[in-house]
Amino acid sequence: MSPNLKARSALAAASLLLASPALAQAPQAADAPTAEAAAQAQPVMTKPPALLQQVEAPYPPEALAQGLTASVRLIITIAADGTVADVLPTEPVGHGFDEAAIAAVRQFRFSPAEVDGVPAPVQVEYVYHFTLAAPPQEAPGPEQVQAAPKATLTGQLISRGSRSRVAGATVRCGDDPEAPEALSDADGRFTLEVPPGECAVRVVASGFQLYQTKEQLQANETTEVNFFLAPTAGALETVVRSERPKKEVVRRTITRQEAQKTPGTFGDPIRVIQTLPGVARAPFISGQLLVRGSNPGQTATLMDGVSIPLLFHLLGGPSVVNAEFIDQLDFFPGGYGSQYGRAVGGIVEVGTRKGAADTFHGSVKVDLLDAGFFLEAPVTDGISVAAAARRSYIDTLLPLVLPKDEGSTLSVVPRYWDYQVRVDFGAKRDARSEAEAQAQAGGARSTGYVMAFGSDDQLRLVSSGPKTERDLSVDTHTLFHRIKGDWTYRKGALTSVFTPYVGYDGTSFKFGAAKQDGVGYTVGAREVLGLELSSALTVRTGLDLVYEHQAFDVEFPAPENFEYVAFPGAESVGELLVEKIGLGSFDGALFVEADLKVGKFTFTPGVRGNFQRAGDARNVALDPRLWVRFEATERTQLKGSLGLYSQPAETFRFITLPYGNPELAYQRAFQSSLGVEHRLTDVLNVDVTGFFNRRYDNIAAPGQLRSLPGGGVIQVPYSNQGIGRALGLEVMVKKQRASASDRWSGWLSYTFSQSLDGRTGPAPEQNGSDFGGGFGGNGDDTYGLSPFDQTHILTLVSNYVLGNGWELGGRFRYTTGRPTTPINHTFDLYQVDRNRFNGTYGPYASSRTSGFHQLDMRLDKSWQFQSWTLGVYLDVQNLYNAENVEFTFNDYRQRREYEVPGIPILPVVGVKGSF
C-alpha cells in the first residue's frame with residue numbers, strides 16, 4: 001500500500017453517468033409484495049438524469065489510519081430541477097464512511113430527469129466507493145501488450161408476470177466502478193462485453209426490483225439470456241409521473257394503479273370520483289355526478305375529449321369504460337379553462353391508453369356482476385392496437401335470489417355491455433424524447449389514433465302489491481356509439497391537435513301507457529392550437545363544433561286541459577297521442593387562453609365564445625375566465641379562479657309545444673374559488689379550497705305559464721327560470737407511499753357545502769315528490785335547499801400492503817341526509833274530478849332523511865408467475881349492513897311515507913388474470 005493515499009469515488013450502479021436512473025431498492029424479503037400492476041404500463045423514462053457536478057468526499061481519518069475501504073450504498077432523491085432533495089443510506093458501514101459520503105452527495109448536481117417527456121423527481125441507487133490508490137506501475141512495453149480475451153453477454157429484459165419489455169435498464173457485472181455496462185433498448189435488449197469468467201449480473205430499472213444473478217462466461221463466446229424482472233407494486237413506484245402543468249385551480253388526477261385497489265369500487269377507477277371532495281353522493285340507482293351543488297346533468301362527461309351521454313351504467317353500475325383501458329382520469333370540480341365548455345357544473349375527462357408497443361398483452365376479469373377482457377399488441381413499429389369488452393349477467397342471477405311472492409319486492413332486472421377499440425399510429429419506439437422524435441421525422445412529426453367505443457343498458461323496474469297500493473312498471477333502454485380520430489402535429493414550439501368524431505345514441509322508455517323511442521346522430525370536431533412563444537408565455541386557441549339531430553316516436557295520453565277536459569267522479573283518461581318529432585341543433589365555440597409567468601405568479605386568462613342554433617332559436621354567450629397561481633414557497637401554493645360558464649339545453653327540449661319550448665336560452669353559471677396547497681412532506685399533501693357558485697337561466701320544469709293563441713293558459717314543460725347558488729369548503733389530505741418499504745397509503749376528503757335551488761316568477765303547482773317537491777315561499781323569487789344538498793360529506797380511504805401478494809383496503813363514507821318536505825297527516829285531500837288523493841305537506845325542506853354511512857372493505861391477493869399474473873379479490877360493500885335510505889314514496893292516500901333502503905351487505909368475489 002502506497003504511503004501516498006488518496007480517495008476516489010465511482011458510480012457502481014452506472015445509472016448516473018448519462019444512463020437511466022436506477023430504482024432505489026433494499027434487499028427484498030421472501031414475502032415482498034407482488035404487483036397486479038405488472039400487467040399495466042409503466043411510466044417511460046424519456047431522459048435520464050446526468051451527473052453535472054460531483055464533490056469528492058474526504059477520507060475518514062480513522063478508516064485511513066487502519067487502511068480500511070468501503071462501499072456506501074445510498075438512495076438519492078433527485079428533485080425535478082436536478083438538485084439533491086434527500087440522501088439515505090441503505091446499508092450503513094460505519095467508521096465515518098456513511099457521514100462523509102452523505103455530506104458529499106448532498107452537494108451533487110444533476111440535469112433534470114424526464115418521465116414521459118416531463119421533468120420529474122426520481123430516486124436512484126448510488127454507491128460511493130472509498131478506495132486506497134495503489135502505487136503507480138510502469139507501463140508495459142509494446143512487446144508486453146496483448147489483446148485481452150473478451151466474453152459477450154446479450155439478452156432481453158422482460159417484466160415478470162406481464163411479459164413487457166423493460167427499456168432503459170442498466171446491466172453490469174458487479175459493483176466495480178470501472179466495469180462496462182449496457183443500457184437496454186426499446187425492446188429490452190442489451191449487449192455487454194466483459195472479461196471471461198463469472199459475471200455477477202446486476203440489473204437496475206425504474207419501477208422494478210433489483211435483479212441479481214450469476215453467469216459463467218467463456219472467452220470469445222456469446223451467451224444469450226432472458227432476465228425476468230419483478231415489478232414493484234404500482235403504488236410503490238419510486239419514479240414519479242409528474243403532473244402536467246396545471247391550467248385549473250383544482251384538477252384531481254387519479255392513476256389506474258391506485259384506483260383499481262380502492263375499496264367499494266369493484267376495481268373501477270372512475271368510481272373513485274365519488275370519493276373526492278366536492279362530489280355529493282347521488283341516489284344509488286341514478287349513477288349521477290353532483291358536483292359543487294350542481295344538479296344532475298350539469299357536469300360534462302368526456303372520453304378522450306368527446307362528450308358521452310352517461311359515465312356509469314344504469315342502477316349505479318360500473319363505468320362504461322373497461323378499467324384496463326383507462327390511462328388517466330382528470331376531474332375538474334370547477335374553475336376549468338376555456339378549452340372546456342357545455343357545462344355549468346364540473347368536468348370529468350377519461351383518457352384511454354394506447355396499445356403496448358413491445359409484445360402481446362391482455363387480461364380477463366370475472367366477478368359476480370360481469371365479465372370482461374382487455375387485449376393490446378403492436379402491429380408494426382409505430383402502430384399498436386388495444387381492445388376491450390364487457391358483459392353483465394345480473395339479469396340472469398337476480399331472478400334466482402329475489403322473492404317470488406306477489407308484492408313483496410321491487411324487482412330490478414338490469415343488463416349492460418360496453419366495448420372500446422383503439423388503433424394508434426406514428427409513435428416510434430426508438431425515440432427517447434419529443435425532440436429526438438421530431439429530429440428523426442425531419443423537424444416535425446405527426447401521431448394519432450382512431451377509436452370506437454360504445455355502451456348499452458337495459459333496465460326494467462317492476463313494483464307490485466295489493467290493490468290499495470300503486471303499481472309501477474318502467475322499462476328503459478339506452479345505448480351509444482362513438483367513433484373518433486385524433487391527429488397531433490408537433491413542430492418546434494407549435495402543437496396542433498385535431499379531433500373529429502361521429503356518434504349515434506338510442507333511447508327507449510316505457511312508463512305505463514306512455515312510450516318513447518328516440519335516436520340521435522352527432523357530428524363534431526375540435527381543433528386546439530398551442531404555441532410556446534417563450535418560457536414565460538404560451539398561447540392556446542381553437543374551435544369546438546358539434547351538430548346533433550334527434551328524432552322521437554312517442555305515444556302518451558294527452559295532457560289534461562290541453563286536448564280534453566277532465567270530468568268529475570272518475571280518473572281522467574285522454575286520447576292517446578302519437579307523434580313523430582325531429583329536430584337538429586348546432587353548437588359552436590371559439591376559445592383562446594394564455595399562460596403568463598411573472599415571477600412567482602402564473603396567470604391564465606381566457607375567453608370562450610358560444611353560439612347555438614336549435615330550430616328557430618339563436619343563442620349567444622361569452623364566457624371570460626381567469627385563474628391565478630402563486631408559488632409562495634417550494635411547498636406552498638396559493639390559487640384562485642373566477643369565470644362564467646354556459647351550457648346549452650338538450651336538443652329535444654326545443655321541440656314545439658306542448659312537448660318542449662323553442663325559446664330556450666343558454667344556461668349560465670358564475671364560478672369562483674380560492675385555495676391553498678401545501679406539501680407537508682414528500683408523501684403527504686394538503687389541499688384546501690373554498691368555492692362560491694351562482695347559477696341562473698337554468699332549465700326549470702315545469703316552466704312558466706303561457707297563454708294559448710286560441711284562448712286558455714298552458715304551462716310550458718321547460719323554461720329558463722331556474723336559479724341556484726352553492727358555497728362550500730373542500731379539504732383533501734393525501735398520503736402516498738414513499739418507497740417499496742412504505743406499505744400504507746390513502747386519503748381523507750371532506751366537503752362542507754350548502755346548495756340552494758329556486759326559480760324566478762310564480763312557483764308552479766306541486767304535489768310533492770320523493771325529494772320534497774316544489775319550492776316554498778310566497779314571493780315571486782323562491783329559494784330553497786336543493787333536493788340533493790348534503791351539508792357534510794366525509795370519505796376516508798386507506799390501503800395497506802400486508803406482504804406476500806396480500807393487500808387490504810377500507811373506505812368509510814358519511815353524508816348528511818337529503819332534504820325532504822314532510823307529509824302533514826291531519827286530513828286527507830280528495831279531488832273528486834280526478835278521482836285521486838293529494839297530500840298536504842309541512843314547510844318546504846324542513847326535514848331530512850337519515851344520514852348515509854357505510855364501510856367498504858377490499859382484500860386482494862396476487863400470484864406472480866413468469867409470464868402472467870393471477871389476482872383474486874373480495875370487495876365487500878356495506879360491511880356492517882347499514883340500512884341507508886335511498887328513496888321515499890307515499891301510498892295512494894298520501895298518508896304514509898315508505899323508505900326504500902339501499903343495498904345491504906354485498907360481497908363480490910372476482911378473479912383477474914393478466915399477461
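Computed from a prediction, not measured in an experiment: that's the story for all the values here.

In terms of helices and strands, the chain carries 5 helices and 53 strands. Across the 915 residues of the chain, 51% fall into the buried class. Taking contacts inside the chain between residues at least 6 apart in sequence as the whole, the part at least 24 apart equals 69%. Surface summary for the chain: the accessible area is close to 40,200 Å², and the carbon and sulfur share equals 58%.

Looking now at the pairing of strand E10 (residues 170–173). Burial along E10 is two-sided: the face carrying Thr170 and Arg172 and the face carrying Val171 and Cys173 are both buried. Summarising the sheet, E10 and strand E11 (residues 181–183) pair through 3 bridges and their orientation is antiparallel. Note that in E11 the partner of Arg172 across the bridge is Glu181. Here 4 bridges tie E10 to strand E13 (residues 197–204), and the two strands are oriented antiparallel to one another. Looking at the pairing, Cys173 lines up with Val201 of E13.

A few words now on the sheet that holds strand E9 (residues 151–159). Across the sheet, 3 strands lie side by side as E12-E9-E15; this open sheet has mixed pairing. The sheet is open, and its two edges are formed by strand E12 (189–194) and strand E15 (222–229), each paired on a single side. Taking each pair of neighbouring strands and ignoring which way they run, the sheet shows an average axis angle of 25°. The pairing of E9 with E15 spans 8 bridges and is classified as parallel. Across the sheet, residue Leu153 finds its bridge partner in E15, namely Thr223.

Right, let's talk about the sheet that holds strand E4 (residues 84–89) for a bit. In spatial order, the strands read E4-E3-E8; together these 3 strands make up an open sheet with antiparallel pairing. Two strands bound the open sheet, and with one partner strand each, they are E4 and strand E8 (122–130). Taking the axes of each pair of neighbouring strands and ignoring which way they run, one obtains an average angle of 30° across the sheet. Sheet contacts for helix H2 (residues 97–105): strand E3 (70–78), E4 and E8; angle to E3, the most-contacted strand, approximately 35°.

Here we take up the state of the cysteines. Inspection of the entire model under this criterion finds 1 disulfide. The partner cysteine of Cys173 in its disulfide is Cys199, sulfur to sulfur 1.8 Å. Disulfide Cys173-Cys199: torsion about the S-S bond near -90°, hence left-handed. Here Cys173 is found in strand E10, whereas its partner Cys199 is found in strand E13, with 26 residues between them in sequence. Each member of the pair Cys173 and Cys199 is classed as buried.

Now for the pattern of salt bridges. Enumeration according to the criterion identifies 33 salt bridges in this entry. Arg422 is paired through a salt bridge with Asp424; the nearest N and O atoms lie 2.8 Å apart. You can call Asp424 buried: its relative accessible area is 8%. The salt bridge partner of Lys735 is Asp742, with a shortest N-O separation of 2.6 Å. When sorted by exposure, Lys735 lands in the same class as Asp742, which is buried. By sharing partners, the salt bridges in this structure join Arg342, Arg526, Asp544, Asp587 and Arg608 into a single network.

Conventions used here
- Residues numbered from 1 in each chain as written.
- Predicted model: local features only at pLDDT ≥ 70, side-chain atom pairs only at ≥ 80, totals over all residues.
- Heavy atoms only, no water.
- Helix = DSSP H or I, 4+ residues; strand = E, 2+ residues; numbered from the N terminus.
- Buried < 20%, exposed > 50% of the residue type's maximum accessible area, 1.4 Å probe, protein only.
- Contact = heavy atoms within 4.5 Å.
- Areas by Shrake-Rupley, 256 points an atom, 1.4 Å probe, with all protein chains shown as cover.
- Pairing = 2+ DSSP bridges.
- Axes fitted to C-alpha atoms, helices over the stretch in contact; angles between N-to-C directions.
- Disulfide = S-S within 2.5 Å.
- Salt bridge = Lys/Arg side-chain N within 4 Å of Asp/Glu carboxyl O.

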